[in-house]
Amino acid sequence: MSEAGDEQPVNTPMANEETNGEVELAEDASAVKGLMILPPRQQTKPTTAVPVLALPPVRADELVHAVKAALAEVVGLAHITNYRFELERDAPSDTIPWKAELISPYTGKDAVISLPAGIKAYEKDKTNSINQTLALDEYGDVSSAGVLRDGIAFGIVLLRYDAATVFEHVLRLRSLLQGSAPCIVELVSSDELPKNEPVVETEKDEPLSDGKEQPKKPLPALPDFLEWKSDNLKDYYYLVCGEDRKLYHDKSDTAATSKALKKKKKGKNVSATTDDSPVISEEQDLREKIPRWNQLDEQCLVKCQIRHSGFHPPPASRKWIGDLAYYEFAMPDTPVLHITATVNGFYINQSTTENGKYYFDPSPNSNPCYSHALLDCLLQASTIFSRAWEKALIASKERAELNRDLNLARPHLSLFRVAVRGDFGGLSTSAAAASAIQSFDATVQSPSWLVPVPRINSSEETAFWSLNHLHPYQVARMEEDLMKSFGIDLRSGGSRDWNEEFQLAREMPTSTQIERIERARLLYKLMAEFGEASVLGVKAIADGQIAPMNPNESMRTQVYLHNNIFFSRAVDAGPDTFKLHTGDKAARKQANRDIQCNQALYRLESTGISTLATVLIDYFGMRYVCQSVLPGILVGDKSHTLILGAVESTFPLRRSDDLQSVLEEKIAGPMMLSSRPVFREPLTESRLSEIEAAKRDMPPLVPGIFLPTPEKEVLEPNETMPTCLPLEAKGIMGSDQRHYVLDIGRFTPRDANWLPKSVGGTGKFENTRTGNGKVSRLIPASLEDDEWALCVLRPELVHRYSQMLISKYLRERHAKEIDAKSLQLAGNLLESDAAEAVTDGASNGSADGKDLTENGKHEFVLTEDDVAYIQSIRFNVNVFLPAVKSFKGTDQHAAELIAADEERARDAANFLWGEVLPKIIQTVIEGSVQLPADGKTLTEFLHRNGVNCRYLGQLAVMSLEQETQDSKVTAAIQDRKVMSGMPRKTLSKYWLELLECEMVARAAKHVLDGYLQECGNVAIAQPAQTIASFLSALVSEAEESAAQTEARLSKRQSEEPDDDDFASLTISGLGGGGDAMLIPVRTRSEVWADIEVEVARRFRYTLTLYNSGNRSRRARYTALLRRVCQRTGVRLITRNYDLGAKCLCSGGDTHGGQLARSYPISPVDVVDIIPLVKHTAAFNEGFSPCSAWPVTLPPLQISLQDARAALERAHAQTGARELSRGLELAQEACTLFQRVTETPNHPGVVEAVELMATIFHEAGDLPLAIAHGDKALSLTIQTGGFDSVNVVASHLNLFHVHYSARNLDRAVKHLRAAMYLHETMAGANHFECFSSLSKLGGIYSIPEYDGQYLNSALRCYEEALKRDSSDRFNEGVTAKQFAKALAQAGNYEDAVKWETKAYDFLGAFLGNKHTWTKESKAELTSYAKSAAERGSRSLHAIKLVEEEAKAEAIAADLLAAEAASSSKKGKASKKKKGKNK
């Protein structure tokens, strides 16, 4: 829905849309205005004006549940759940705006209660049929009641309850009482957005600004330079938002902003204010409001309990007279109220349970307080509860007003407030603290790896470190946990047929845009629900809540069927299954390859081939495969048929010519796959012998639910069949007659670089050495590894290599045709004139293989030779396979084809090694594209370039070599030996740090998974101990000695736990000598030994930055801890951890269940361990963390090409400076995305809003650019968390917009937020950190500030020049700016030093004649002169002082000499007098 007004929001369909064959919009999609909601229908006709609730404009295809969701936040209607809408034939003429009352007058005895629509439709008597009323379909849209028109009204009709709807009603009331009290009294207002309002709104008909420069406004005061350490995780959520913690928690008014705003300088207007009134800074405002927010949140929590009574369920005698359930309502210091729920509503009964006496009487009390809604019943029955609910409503309204004001100012500050609210006062109960945690988790779609833990203001002594204060006493939570169905929707009939729903949704028509939107919406909803059900199912399996289908087998091979989803573990299924790899590691990787191929087929939209909905989930070190059930696979032999491939290893491959033709047309062409002959019995005799031996040694492990064993077919010797799919792939015709393809595994050939040269590999890794030239003892000497059998080339590399071959072919063909055309032209010149020859040449077609069309444009035409060449460069996915028969000696032609395919695969691998990898290093040096900033974007960056992550080691080796070359040049520059001709750019040091960090994180995940799974998963019983000790070892450089541990513990604060506190957390000393005891915790050296071995095996690389004593100071432990937590699902509390120091991995005895302290991360720091999900329909590739309750999934792909096409066209129009058209297309894309997702929290919506912000910025409309940028930032945080790379981009975009708008105070905050995120994710050497510090210094040194922030500017420049810039020219520019600031501060000596460096770099890259170089030379001369003058004045002063000192010394000597001579004269006169006497 959208709000009526002059502005049209971006998620409202455009009234007039171009219909050029690409986009069609049905007429009934226009919005209907003036709709009204009438109060619940009453028996007595109203005698006064009827209050109505006005609705914003509603599309005809708006779903009914969306309208109900809007009403669920309106006071007076939020607590009503069981009702339907009916179109009123006679709308009341006398109406007033909706007015909410504390106790609804519409749910009492006068209310009309009707039967549900489904029951009435079942009646045989058509006179009372539901068709007689215009009721809205509960599962349809608002047009289901008939033709809509402006100004009509929908009436609310209360429905009769059943047991399920009563429980849903109680759950809704519990939610309202636990802090979700409604606050809206109207949905249409001039100052409030409606419920389903778009993410942004703008006047589409208003032309954009012409970009003219606006008058400059006064500059605001700036926040001071903020210093931090990248390992400062206590202030994490302050720093990622660009905020300073001190400004929020310093009681004295030390905010630099406030001081500057009160200051006025003569002749300089540096403040945005025009009077002397005190101005409250943003920090001060939030510092005062956040405690109030916390108080309001706590006031919205009504202290009461609604629980099932001990008398529930009703006995048969009462059930048959209408009783559905019995509940108890309890408040502190009040008697318990017993409630009877009937089909028509609720009333207070006469049962009692006071003083240990239990009396059951469910009949109405003397004052039954009947109401159709339980809330209204309780409000009538309890005055205390009525007052509490009234306070909650008042608090909710005030809270909404505060949130609205903050959202209008800076939306992302609302998210910041939720993250840091626990640091402020106002929380006094455990329920409020728990609600704060839930609010934080509900803020972001992707769970954060750091969880802020709030404290409560309690007079009781509370051990906050144990986190017990976050778990309040709630009977309702217990009931909901006991009633979990683990993903099964019991109301919809139990288990769903996911596969049938999925296939039907894929087969929906797509001829019009409305049909495409409906299809995309259904697919999106279905895949989201399937993912949620899979996560809940895996969680239940891990908790032992679901029994396996084959309980008599070992746990590793057990499979589960729950909610029509088939769950299995990604482990080696044994020798019976047809496969070419062995081992659990290979099976784990095979599951990952399968879902990657499923993702590719899912994006192809229509292939004629069916696949299964699939989700991979990593949880506690185990990988689970969750799939929809193939039709007929569980019911017998004849309901499905294996038509391609084989199930058992000893049976021949089945073939299907019909399926093969479809595969070649729909899959082989787009995927560049060649169809090649394979043996129908492909395994070698040696492999078959191994399988038979394994079968004799162990019982079959394949569960009985797989395909039944067919009769073995008798084949001719060496019989072959063509195929374009992997040998392991299976084609099955299900009982629904659809063709399903399973176990595809790969669409590209095996990587020859990871294959021994003796069996056809390139030999590139045969003699792997590290960057220092020494052979590593950890790197395996051989490439023989079960897991490497699944190392295949990336599809992006195959595409890139194919493009290179085709381009080369076209160039060669073009050259040949040019030569042929020249000969023909020369012959024509001998017979006719040159003009006729030219005319003939033009009429015969162009020489570049293109024909001229009617409009004169060239259109490419493929010849038969071209088609043949393209067919010849396709790839065979079945080359270099282990234990597969060779065609040599049996079929020479097939052997030649396979040999050519192998050579092509080797060429592609060599292309990757010799062309792509060096090009990546060169790209990083040049910085010509957006470079990755963390492990996730590094993975995406490599995949886009066709590089697998197993090449991280080789990239690191190449980076080490490049760094060595750069260091030699840098040393020569410092000695001023090389200046002219030196390279401008160097390889950023962050690149090697990022590569090693990602390698360690990936290896650490596998090592930790092994720790959790060893010894029968014994560590999973108490995983916090193992995880905390492992992480402590990972982020440290050495292990503490006993003396160092004692010294550290002696300095601990009183609130920190000691050994006794840890020991008292749980009972210990149990288990005896059984195998259920926890294994001893490993030491740091053992952990790192396992990690280094895994790095060497997985990446063929030896670490140089980590586990080396951090001699280089380049080990990034914050980035490493973040990445490991992301890849393992571990969530830690937000506090300072002593990263990079010494650790304590095992502070005590962990046998018998006793917890032991570890340092710097202890077991109580581990808040949660969440599953990692990889979905078939995921928007991004890779595993993403998601919470298990409530389930939050990663963003999913939207199967709507219209939205993506509109967004791509919007980018193109914006790039062409067609800003108005670009804005329209961006709004259209935003609308389409939201119509599918029904929420703005999707990357497609974020990208569209970000583009709109860019358009407004380029058009010069800065207020709208800021509004859209703020909204994009808040949506980015909600979609990907506070610390994603997209958040960094949003901060930088907002920095540029605010800088253009001269909002420098906010620009500084966004810039330092981006800088801190870069340091946290990639380290201090990321080149953007240098750039950000330079920009920050430039802002602080703006001349209009008249040196007010000169010290901050100096600190920024000084810090920037300590960082790695990777660009000597930029370093010279920053040095020049630093010299200028130093000169302004009067430090001419240092100014000369840095200006000299600037002059050298500018002269080297720009030349001595460039203006900048000349200016630098002039300034250098000026600084040197000033320094010399200051030096001469200092020398003159020193000389004067010395001369004065000398004169004083001489005078003193003269006085002393005079004193001595006078003394001698006195003595002489005395002697003379004596002689005379």
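About the criteria used
- Residues numbered from 1 in each chain as written.
- Predicted model: local features only at pLDDT ≥ 70, side-chain atom pairs only at ≥ 80, totals over all residues.
- Heavy atoms only, no water.
- Helix = DSSP H or I, 4+ residues; strand = E, 2+ residues; numbered from the N terminus.
- Buried < 20%, exposed > 50% of the residue type's maximum accessible area, 1.4 Å probe, protein only.
- Contact = heavy atoms within 4.5 Å.
- Expected span 1.5 Å × (residues − 1).
- Patch = residues over 30% accessible without salt bridge, like charges linked within 9 Å, V, L, I, M, F, W, Y side chains within 5 Å.
- Areas by Shrake-Rupley, 256 points an atom, 1.4 Å probe, with all protein chains shown as cover.
- Salt bridge = Lys/Arg side-chain N within 4 Å of Asp/Glu carboxyl O.
- Pairing = 2+ DSSP bridges.
- Axes fitted to C-alpha atoms, helices over the stretch in contact; angles between N-to-C directions.
- Arc of directions from axis to C-beta.
- Phe/Tyr/Trp six-rings, centres within 6.5 Å; stacked < 30°, edge-to-face > 60°.
- Left-handed = near helix turned anticlockwise from the far one by under 90°.
- Nonpolar A, V, L, I, M, F, W, Y, C, P; charged D, E, K, R; others polar.

## Overview of the environment of valine 343
Mapping valine 343 onto the fold places it in the loop between strand E13 (337-342) and strand E14 (345-348). On the basis of relative accessible area, valine 343 is assigned to the partly exposed category, the value being 24%. C-alpha of valine 343 to C-alpha of alanine 325: the two residues are 18 residues apart in sequence and 9.7 Å apart in space. Other than its neighbours up to four places away in sequence, valine 343 contacts Arg160, Tyr161, Gly322 and Leu324.

## Section: helix H16 (residues 584-603)
Compared with an ideal rise of 1.5 Å per residue, which puts 20 residues at 28 Å, H16 spans 29 Å between its outermost C-alpha atoms and is within 8% of the ideal. Of all 20 residues making up H16, 15 are buried, and the element is well covered by its neighbours. Directly beyond the C-terminal end of H16, a positive phi value near 70° is found at glutamate 605.

## Details of a nonpolar patch on the surface
Taken together, the side chains of Met478, Leu482 and Met483 make up a nonpolar region of the molecular surface, amounting to roughly 320 Å² of accessible area. Structurally, leucine 482 is set in helix H13 (residues 475-482). For leucine 482, a relative accessible area of 64% corresponds to the exposed category.

## Some details on the sheet that holds strand E24 (residues 739-742)
Strand order in this open sheet of 3 strands is E20-E23-E24, and the pairing throughout is antiparallel. Edge positions in the sheet fall to strand E20 (641-644) and E24, since each has one partner strand and no second. In this sheet, adjacent strand axes meet at a mean angle of 35° when their direction is disregarded. Pairing of strand E23 (residues 730-733) with E24, which is carried by 4 bridges, proceeds in the antiparallel orientation. Residue pairing for E24: glycine 731 is matched across the bridge by valine 741. Against the sheet, helix H17 (residues 657-671) touches E20, E23 and E24, its axis set at about 55° to E20.

## Some thoughts on helix H31 (residues 1201-1215)
Between its terminal C-alpha atoms H31 stretches 21 Å, which fits the 21 Å expected from 15 residues at 1.5 Å a residue. Of the residues making up H31, those classed as buried are Asp1202, Ala1203, Ala1206, Leu1207, Ala1210 and Thr1214. Along the axis of H31, the buried positions cluster into a sector of 130°, meaning they face one direction only. Projecting away from the buried face of H31 at angles above 90 degrees are the exposed residues Gln1201, Glu1208 and Gly1215. Contact partners of the buried residues in H31: helix H15 (513-542), helix H32 (1219-1237) and helix H33 (1243-1259). Of the residues trailing H31, arginine 1217 is marked for its positive phi of about 70°.

## Overview of the sheet that holds E14
Strand order in the open sheet formed by 4 strands is E11-E12-E13-E14, with antiparallel pairing between adjacent strands. Edge strands, defined here as strands with exactly one partner in the open sheet, are strand E11 (305-308) and E14. When the angles between neighbouring strand axes are averaged without regard to direction, this sheet yields 30°. Direction of pairing for E11 relative to strand E12 (residues 323-330): antiparallel, over a ladder of 4 bridges. Considered in E12, the bridge of histidine 308 is made with tyrosine 327.

## Overview of the packing of aromatic side chains
Using the criterion set out here, one finds 43 aromatic pairs in the structure. Between phenylalanine 1401 and phenylalanine 1405, the ring centres sit 6.4 Å apart and the planes meet at 45°, which makes this aromatic pair tilted. With a gap of 4 residues between them, phenylalanine 1401 and phenylalanine 1405 both fall in helix H40 (residues 1388-1406), about one helical turn apart. Ring-pair connections join several aromatic residues into one group, and the members of that group are Tyr236, Tyr237, Phe440, Trp449, Phe1282 and Tyr1316.

## Points about the side chain of threonine 923
Along the chain, threonine 923 falls in helix H22 (residues 892-926). For threonine 923, a relative accessible area of 12% translates into the label buried. Those residues in contact with threonine 923 that sit more than four places away from it in its chain are Ser928, Val929 and Leu931.

## Things to note about unusual backbone geometry
That bond from histidine 312 to proline 313 is cis: its omega, 0°, falls within 30 degrees of zero. Residue position: proline 313 is located in the loop between E11 and helix H8 (316-319). Following tyrosine 1159, the chain continues into proline 1160 via a peptide bond in cis, with omega recorded as 5°. Of note, proline 1160 is situated in the loop between strand E29 (1142-1143) and strand E30 (1166-1169). Within the chain, methionine 672 stands out as a residue other than glycine whose phi angle is a positive 55°. Its place among the elements puts methionine 672 in the loop between H17 and strand E21 (676-679).

## Points about the pattern of salt bridges
Tallied over the full model, the rule gives 69 salt bridges. With a closest N to O distance of 3.2 Å, glutamate 500 and arginine 738 form a salt bridge. Taken together, the residues glutamate 500 in helix H14 (residues 498-506) and arginine 738 in the loop between E23 and E24 connect sequence positions 238 residues apart. Assessed through its relative accessible area of 13%, arginine 738 is described here as buried. Each of Lys589, Asp785, Glu787, Glu1094, Arg1097 and Arg1098 takes part in a single network of salt bridges with overlapping partners.

## Considering the packing of helix H7 (residues 282-299) against helix H10 (residues 383-409)
Running from N to C, H7 and H10 cross one another at 145°; their axes reach a closest spacing of 9 Å. Handedness of the crossing formed by H7 with H10: left-handed. Each of Leu286, Lys289, Arg292, Trp293, Leu296, Asp297 and Gln299 in H7 lies in contact with H10, whose residues at this interface are Ala392, Ala395, Glu398, Arg399, Leu402, Asn403 and Leu406. Its residues assigned to classes, the contact of H7 with H10 shows 7 nonpolar, 2 polar and 5 charged.

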